[in-house]
Amino acid sequence: MAKKKTIRTIPQARTPMPEQDPAARARNFKEVACGYTLENAHNEAERCLQCPDEPCVRGCPVGIDIPAFIQKIAEKNYHGAYDVITDTNLLPAVCGRVCPQENQCEGVCTVGDTLEPVAIGRLERFVGDMAIREGWVNRPYVEPSGFRVGIVGSGPAGMACAADMAKAGCEVVVYEAFHEPGGVLKYGIPDFRLPNEVIDVEIDKLRELGVRFECNTLVGRLFTIEQMITDMGYHAVFIGTGAGYPSFMGIPGESLNGVLSANELLTRCNLMRARDFPNFDTPLMPGRRVAVIGAGNTAMDALRVSLRLGAEKVMCVYRRSKTEAPARAEEIHHAGEEGVEFHWLTSPVEVLGDAGKRVRGLRCQKMELGEPDASGRRRPVPVPGSEFELECDSVVYAIGTNANPILGQTAKLKLNKRGYIETDENLATSIAGVYAGGDIVTGAATVIEAMGAGRKAARSMKAWLGLKDTDVVFAEAAPYEKRRFGFAPDEHGYARLRVA
Amino acid sequence: MGEDGGGAFEIVTREDYSDVTYMLEVRHPQMAKAAQAGQFVIVMEHEHGERIPLTIADFDPERGTVTLVVQAVGKTTKEMQQRCREGTTLYAVVGPMGIPSHIGGAKKVLCVGGGLGVAPVYPQARAYARSGAKVIGVLGFRNKDVMFWEDRFRAVCDELIVCTDDGSAGIKGLVTKGMEQALAAHPDIDECVAIGPPVMMKACAEVTRPRGIRTIVSLNPVMVDGTGMCGGCRVKIADGIKFACVDGPDFDAHQVDFDDLMARLARFKPAEAEAMKKWEESCRMKGGDASAAERY
Ligand SMILES: Cc1cc2nc3c(=O)[nH]c(=O)nc-3n(C[C@H](O)[C@H](O)[C@H](O)COP(=O)(O)OP(=O)(O)OC[C@H]3O[C@@H](n4cnc5c(N)ncnc54)[C@H](O)[C@@H]3O)c2cc1C
Ligand SMILES: Cc1cc2nc3c(=O)[nH]c(=O)nc-3n(C[C@H](O)[C@H](O)[C@H](O)COP(=O)(O)OP(=O)(O)OC[C@H]3O[C@@H](n4cnc5c(N)ncnc54)[C@H](O)[C@@H]3O)c2cc1C
Ligand code: FES
C-alpha cells in the first residue's frame, strides 16, 4: 500500500480538460470539452486525498460514493468505478458533463480548501464515457413483481424512476409527448455540451432493462392520469413532465418578429435540427446580431448556439452582475472565450421594431445593486437617465419558466400557488399511487436533482406497492442459457422480494 | 403509439377535394376516443420533417380514426399532398392537443368556416347540434368546384349558407355577407364560432362585436411542440400573452389582437420560400415538374 497522501504530496494543479480551440468551436456543434484521457484521469485521481470526512458525498444531491469511485480509477479498475457510481447515479456521462459541480461536490472538496478542488465531474464523465465506449451495462437479475408502472415524461426524472422501477421487477412504460425521448437533455442542452448520442445510449440501456418508451403521447389529453390508474391497469404512476412555459417580460415589442424564447431557439436547433435547414424542414431564421436576456444555463446555451448558427455578434443582457449569474461558472467562462459580449447590470425596457415588424434593437437601462432581496442577492435598481440602445435583429428570452399547465388542466392533482404539482416529502401527489418529481414539482432546477427526485419517488412507489429491496441474491439457479442472453445473476445484489 | 415515434400512423383513406385541399383519415383508435371538438394534432410526415399543427376535423371512435383536412400552402403540406396515400404512414402524430371547445348553454349558434377553416368548424357545429342548439352554418369557398363536406354540414345544421367568391354556388361574396344574412334572419343568435384565415376571423369579429354576440375563434399561430414548452405560439389576448397550444386554440374573438397574429405568421417567410424552392427543384430533378412528381 502506498504512503498516505497529503495535500503536499498530491499533484498540485488540477488537470486541465482538453478542449476545442474557442475560435474553431464557436462555429461548430462538436463537443467543446473533449474528455480526460487515461493519463489525465490517473493524474487527477491521484489528487483525491481519500479524506475520511467525505464532504463531497454530502455535497452530491444523490450521495455518490465519490472517494470510492476515484480510488477505483486510481487502481485502474474502471469497471469497478462505474459500478460504484451507478449504484446511485444512473447517468454518469450526462451528469459529469452538466452538473453544477462547483456548487455541489467540488464546492466542498477538502483539497479545494487549499488548492483547486479535485475535478470530480470530469472524472465522473471519464468513467461514464468509458462505459459507453466499452458497452458496459450493469444489468441486474430482476425478479418480475407483476406490477405495472406508468411514467409521464422522459427527462432525467422519468428516466431515473423508470430504471429503479424496472430493476424492482415492474413492467415500466414511459410516455413522452415529443417524437423522441430524453426531455431537456435532448431538446434543450445543445450537442456541443451534451451530444445526443450520449443520451441515446442511456435510453437504450433502459430499454435493455425492459423499459418501454411510447413517444407521441400527450398524457392528460390522450388519456388522463386518473385513467392510467383506473382503466389502463397501472399500479403506480410517476409524473416528470418538466417545467416549460417560458416567461416573457411584458415589455413593449415582444411580439415583433425576431423575439423568441430560448426554448424555441434550442428546440428548433437541437431536436428539430433547424441548423441543417433546409435538409431538415424546420426553419429558424437565426439573427445576425443576437441579444439574449438572462444569464442562466439556458441563456448560455442560447448565446453559444446563436454563435454557432453564424451570428456576427452575440450579447448577454442581465440585470444583475456576474457574481449573481445563475449559470455554471464554466459555461460563462466558455461563452466568454467564444466571443459572447456580456452586458451586466443591464435591463431591457423595450424591444424596438422597424416598419416590417422585425426587431431592430433593444432599449436597455443600466442597473446598480441595492439592498439584498428575498433571495439574498442584492436587488438591481435602475440608474436614472441611463437608457441606451443595443442594435440587434433577434432577442432571445431566457428568464425562466412557469409550470406547464396541461396536467393541472386535465387531472385533479393538487397544485401549489405557482401551478407546480404539490407533493409530500415522499413525493406522493394528492392522488393515491401517483408520484411526481423533477422540474414540475420544484420549478426549473438541475439534471441531478431531477434524477434524485425520480429515484426518491421510486423508493416511495416501491413502498406503496409493497416491494422491498433485499440483499438476497437468487444465485442458485444461474442457468447457462440465461447467461448466454446476458444475464449474470451474481453480478449485482438486486434481487427483489415481494412482502405481503 | 410508435415506439420512438417510428412511423406507425397509417393513413386509411385519402380524398382530394380540390387541387389544394385533401383529406387524410388516420388510424389512431386511442385518439379517436379521446378527441373533442376544437382540438388539434401535430404531425410530422417524415423523420426530417417539420412539426405542423392540423385541426382534428372529424373523429370516429368506432372506426378508430381521426380525419385531417389539409390545404397545401407550403413545403410540408405540399409534400404531404404528394406522398400521403392510402396505406402509407406518418412518422409522428400527437394529440389531441389544446383545450376542447366549450360547448354549452347557447341556443342558436352561427358556425362560420372559410378556406382551411371549413373542416375545423365541422366538429364544433356537430357538438352544438348534439347539445341541442340550433345551428346555422356559413361556409366560404373560392368556387363551386372546390366545395366539400356540404353533406356533412347539412346533416348537423338547421340552415346552411354557402358563399363563393364568384357566385358559382350559394351567394356571391365573403362569409361576412353570409353572416349578415343569417343575423338578419335570426336576431336571436347567441353565439358564433368562426374559423379560417386570420383576416377572415378578424372580419367576422367585427360583424358580431357591435351586436354583442359572444364569438369564438380558433387561432393558428406557428407551433413547434404544442405542449406549452416553447412559446412560439404565443398570441395577444386583451392585454396578456397566451400560448395557443395549451391556453387555446379557442379564444374570445373580441379580445384577440389579429394584427399581431398576422405579423407573427409571417415570421419565417424567407425560410419557407427557400424550403419551397429547394423542394420544387428536387421534384423537378426527380421527374418533370412539381406536380408530375406524383409518381414519387
Ligand atoms: C437549455 C437548458 C440548459 C440546461 N442546462 C443545465 C445544466 O447545464 N446542468 C443542469 O444540471 N441542469 C440544466 N438544465 C436544467 C435541467 O435540464 C432540468 O432541470 C431537468 O432536465 C429537469 O428534468 P425533468 O425530468 O424534470 O424534466 P424535463 O427534462 O423537462 O423532461 C420532461 C419531459 O416530459 C415531456 N412531457 C411534458 N408534458 C408531457 C405530457 N403531458 N405527456 C407526456 N410527456 C410530457 C416533455 O416533452 C419532456 O420531454 C438546463 C435546462 C435547459 C432548458
Ligand atoms: C391549431 C392549428 C390548427 C390548424 N389546422 C389546420 C387544418 O386543419 N388544415 C390546414 O390546412 N392547416 C391548418 N393549420 C395551419 C397549418 O399548420 C399550416 O398551413 C402548415 O403548418 C403550413 O406548413 P407548410 O410547411 O406547408 O407551409 P410553410 O411553407 O411553412 O408556410 C406557407 C404559408 O403558410 C403560412 N403558415 C405557416 N405556418 C402556419 C401555421 N402554423 N398556421 C397557419 N399558417 C401558417 C405561412 O404564413 C406561409 O405563408 C393549423 C394551424 C394551427 C396552429
Ligand atoms: S407550440 Fe410551443 S408553446 Fe405552444
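Residues numbered from 1 in each chain as written. Chains lettered and ligands numbered in written order. Predicted model: local features only at pLDDT ≥ 70, side-chain atom pairs only at ≥ 80, totals over all residues. Heavy atoms only, no water.

**Observations regarding the overall build of chain B**
No. 1: Scanning chain B from N- to C-terminus turns up 9 helices and 17 strands.
No. 2: Here the C-alpha atoms of chain B give a radius of gyration of 19 Å, agreeing with the 19 Å that 2.2 N^0.38 yields for 296 residues.
No. 3: Oriented by its inertia axes, the alpha-carbon framework of chain B measures out at about 55 × 45 × 40 Å.
No. 4: Buried positions account for 59% of the 296 residues belonging to chain B. (Helix = DSSP H or I, 4+ residues; strand = E, 2+ residues; numbered from the N terminus. Rg over C-alpha atoms; globule rule 2.2 N^0.38 Å. Buried < 20%, exposed > 50% of the residue type's maximum accessible area, 1.4 Å probe, protein only.)

**Looking at the interface of chain A and chain B**
No. 1: Each side of the interface is counted separately: chain A has 47 residues, and chain B has 58 residues.
No. 2: When the buried area of chain A at its contact with chain B is split by residue, A:N216, A:L222 and A:D281 rank highest and sum to 16% of it.
No. 3: The tally of links from chain A across to chain B stands at 2 salt bridges.
No. 4: Here B:R267 and A:E264 are joined by a salt bridge, their closest N and O atoms 2.6 Å apart.
No. 5: Applying the counting rule to chain A against chain B returns 16 residue pairs in polar contact (both at pLDDT 80 or more).
No. 6: The greatest single-element share of the side of chain A that touches chain B, amounting to 4 residues, is contributed by helix α12 (residues 262-271) of chain A.
No. 7: Tallied by class, the residues present in the side of chain A that touches chain B amount to 24 nonpolar, 13 polar and 10 charged. (Contact = heavy atoms within 4.5 Å. Buried area = accessible area lost by both parts, 1.4 Å probe. Salt bridge = Lys/Arg side-chain N within 4 Å of Asp/Glu carboxyl O. Polar contact = N/O pair within 3.5 Å; in protein donor to acceptor, adjacent residues only side chain to side chain. Nonpolar A, V, L, I, M, F, W, Y, C, P; charged D, E, K, R; others polar.)

**Quick notes on the sheet that holds strand β1 (residues 148-152) of chain A**
Residue and element names in this part refer to chain A.
No. 1: Across the sheet, which stays open at both edges, the 5 strands sit in the order β3-β2-β1-β4-β14 with parallel pairing between neighbours. Of all strands in the sheet, those with a lone pairing partner are β3 (212-214) and β14 (434-436), marking the two edges. In this sheet, neighbouring strand axes are inclined to one another by 20° on average, regardless of whether the strands run parallel or antiparallel. (Pairing = 2+ DSSP bridges. Axes fitted to C-alpha atoms, helices over the stretch in contact; angles between N-to-C directions.)

**Points about the site of ligand 1**
Residues and elements named next belong to chain A.
No. 1: Neighbouring residues of ligand 1: 32 residues in total, closest V98, A157, E176, R193 and V219.
No. 2: Between ligand 1 and V98 there is a distance of 2.5 Å, counted from a nitrogen atom to a backbone nitrogen or oxygen.
No. 3: Note that a nitrogen atom of ligand 1 is positioned 2.9 Å from one of the backbone N or O atoms of V219.
No. 4: For ligand 1, whose free accessible area comes to 1,000 Å², the fraction covered by protein is 95%.
No. 5: Sorting the residues of the shell around ligand 1 by element identifies α8 (156-167), α13 (297-308) and α17 (447-465) as the ones contributing at least two each.
No. 6: Here the shell around ligand 1 gets 3 residues from one element, more than from any other, and that element is α13.
No. 7: When its residues are assigned to classes, the shell around ligand 1 shows 16 nonpolar, 12 polar and 4 charged. (Near = heavy atom within 4 Å. Areas by Shrake-Rupley, 256 points an atom, 1.4 Å probe, with all protein chains shown as cover.)

**Structural notes on the packing of helix α4 (residues 66-74) of chain A against helix α5 (residues 78-88) of chain A**
All names here are of chain A.
No. 1: One way to put it is that α4 packs onto α5 with a least axis distance of 7 Å and a crossing angle of 170°. Taken as axis vectors, α4 and α5 run roughly antiparallel relative to one another. For the pair α4 and α5, the contacting residues are A68, F69, K72 and I73 in the first and Y78, G80, A81, V84 and I85 in the second.
No. 2: When the residues that make up the contact of α4 with α5 are grouped by side-chain class, the tally is 7 nonpolar, 1 polar and 1 charged. (Parallel < 35°, antiparallel > 145°, perpendicular 65-115°, else oblique.)

**What about the site of ligand 2?**
Residue and element names in this part refer to chain B.
No. 1: In the vicinity of ligand 2, 24 residues are found, and the nearest of them are P53, V69, Q71, T77 and N220.
No. 2: The separation between a nitrogen atom of ligand 2 and a polar main-chain atom of V69 is 2.9 Å.
No. 3: Look at ligand 2: alone it shows 840 Å² of surface, and the protein chains cover 90% of it.
No. 4: Sort the elements by how many residues they give to the shell around ligand 2 and strand β4 (residues 52-55) lands first, with 4 residues.
No. 5: For the shell around ligand 2, a count of residues per class yields 14 nonpolar, 6 polar and 4 charged.

**A few points about the packing of aromatic side chains**
No. 1: Scanning all chains against the criterion turns up 16 aromatic pairs over all chains.
No. 2: Ring centres of A:Y318 and A:W344 lie 6.2 Å apart, and the angle between their planes is 85°; on these two criteria the pair is classed as edge-to-face. Of this pair, A:Y318 sits in the loop between β7 (313-317) and α14 (329-338) while A:W344 sits in the loop between β8 (341-343) and β9 (346-353); the two residues are 26 residues apart in sequence, bridging distant segments of the chain. Side by side, A:Y318 and A:W344 carry an identical accessibility label, which is buried.
No. 3: Between the aromatic rings of B:F148 and B:W149, the centroid separation amounts to 5.9 Å while the plane-to-plane angle is 75°, which identifies the pairing as edge-to-face.
No. 4: Judged by its relative accessible area of 5%, B:W149 is buried.
No. 5: Through successive ring pairs, a cluster of aromatic residues spans B:Y17, B:Y122, B:F141, B:F148, B:W149 and B:F153.
No. 6: Here the basic side chain of A:R275 rests over the ring of A:F29, its NZ or CZ set 4.5 Å away from the ring centre. (Phe/Tyr/Trp six-rings, centres within 6.5 Å; stacked < 30°, edge-to-face > 60°. Lys NZ or Arg CZ within 6 Å of the ring centre and 35° of its normal.)

**A look at the sheet that holds β8(A)**
Residue and element names in this part refer to chain A.
No. 1: The sheet built from 5 strands is open, its strands ordered β5-β13-β6-β7-β8 with parallel pairing. Two strands lie at the open edges of the sheet, namely β5 (259-261) and β8, each paired on one side alone. Between one strand axis and the next, the sheet turns through 25° on average, direction left out of account.
No. 2: Inspection of the sheet shows β5 paired to strand β13 (residues 394-397) by 3 bridges, in the parallel sense. Looking at β13, one finds that L260 is bridged to V396.

**What about the pattern of salt bridges?**
Residues and elements named next belong to chain A.
No. 1: Across all of its chains, the model carries 52 salt bridges over all chains by this definition.
No. 2: A salt bridge links E391 to R288; its shortest N-O distance comes to 3.9 Å. Highlighted residues: E391 in strand β12 (residues 388-391) and R288 in the loop between α12 and β6 (289-293), separated in sequence by 103 residues.
No. 3: Within this structure, E19, R25, R193, D301, R304, R308, R328, E330, E331, E337 and E338 form a network of salt bridges that share partners.

**With respect to the side chain of A:T429**
Residues and elements named next belong to chain A.
No. 1: Locating T429 in the fold gives a position in the loop between α15 (406-410) and β14.
No. 2: Looking at T429, its side chain comes within polar contact range of the main-chain nitrogen of I431, at 3.2 Å.
No. 3: Within the structure, the side chain of T429 is placed 2.8 Å from the backbone oxygen of V434, a separation counted as a polar contact.
No. 4: Discounting residues that sit within four places of it in the chain, T429 has contacts with L413, I421, E422, T423, V434, Y435 and A436.

**Notes on the nonpolar core**
No. 1: Ranked by size, the top nonpolar core spans 82 residues in total, and within it A:I66, A:F69, A:I70, A:I73, A:M165 and A:V172 carry the most contacts.
No. 2: Element by element, the count of residues in this core is highest for α17(A), at 9 residues.
No. 3: Once you skip the residues sitting within four places of it in the chain, A:I70 turns out to touch A:A45, A:C48, A:Q50, A:V118, A:I120 and A:L123.
No. 4: Grouped together as the second largest cluster of nonpolar side chains are 58 residues, B:I136, B:L183, B:A194 and B:L219 included. (Core = buried A, V, L, I, M, F, W, Y, C linked by side-chain atoms within 4.5 Å.)

**Quick look at empty space enclosed by the protein**
Which parts of space are left empty comes out when a probe the size of a water molecule is rolled across the atoms.
Residue and element names in this part refer to chain A.
No. 1: Within this structure, the stated rule accounts for 7 cavities of 30 Å³ or more.
No. 2: Around the second largest cavity sit 14 residues that line it, and C48, C51, C56, C109 and V118 are the ones nearest its centre.
No. 3: Residue assignment for the lining of the second largest cavity shows that the elements contributing at least two residues are α3 (55-59) and α4.
No. 4: Among the elements that make up the lining of the second largest cavity, the one with the highest residue count is α4 (3 residues).
No. 5: Looking at the lining of the second largest cavity residue by residue, the class counts come to 12 nonpolar, 2 polar and no charged. (1 Å grid on protein atoms, 1.4 Å probe; cavity = no way out; pocket = protein on both sides within 12 Å on 5 of 7 lines; lining within 4 Å. Points joined across faces, edges and corners; volume = space filled by probe spheres on them.)

**Quick notes on helix α8 (residues 258-265) of chain B**
No. 1: Residues B:F258, B:D260, B:L261, B:A263 and B:R264 constitute the buried set of α8(B).
No. 2: Residues of α8(B) that are buried sit in contact with β5 of chain A together with α6 (198-208), β14 (214-218) and β15 (234-237) of chain B.
No. 3: A distance of 3.3 Å separates the backbone nitrogen of B:D259 from a side-chain oxygen at the start of α8(B), and that oxygen is part of B:D257.

**Details of the confidence of the model for chain A**
It should be kept in mind that the predicted coordinates are not to be read in detail where pLDDT is low.
No. 1: When pLDDT is averaged along chain A, the result is 86; 92% of the residues meet or exceed 70.
No. 2: Confidence drops under pLDDT 50 across residues 471-500 of chain A; counting only partners more than four residues distant or on other chains, this segment forms 46 contacts. (pLDDT = per-residue confidence, 0-100.)

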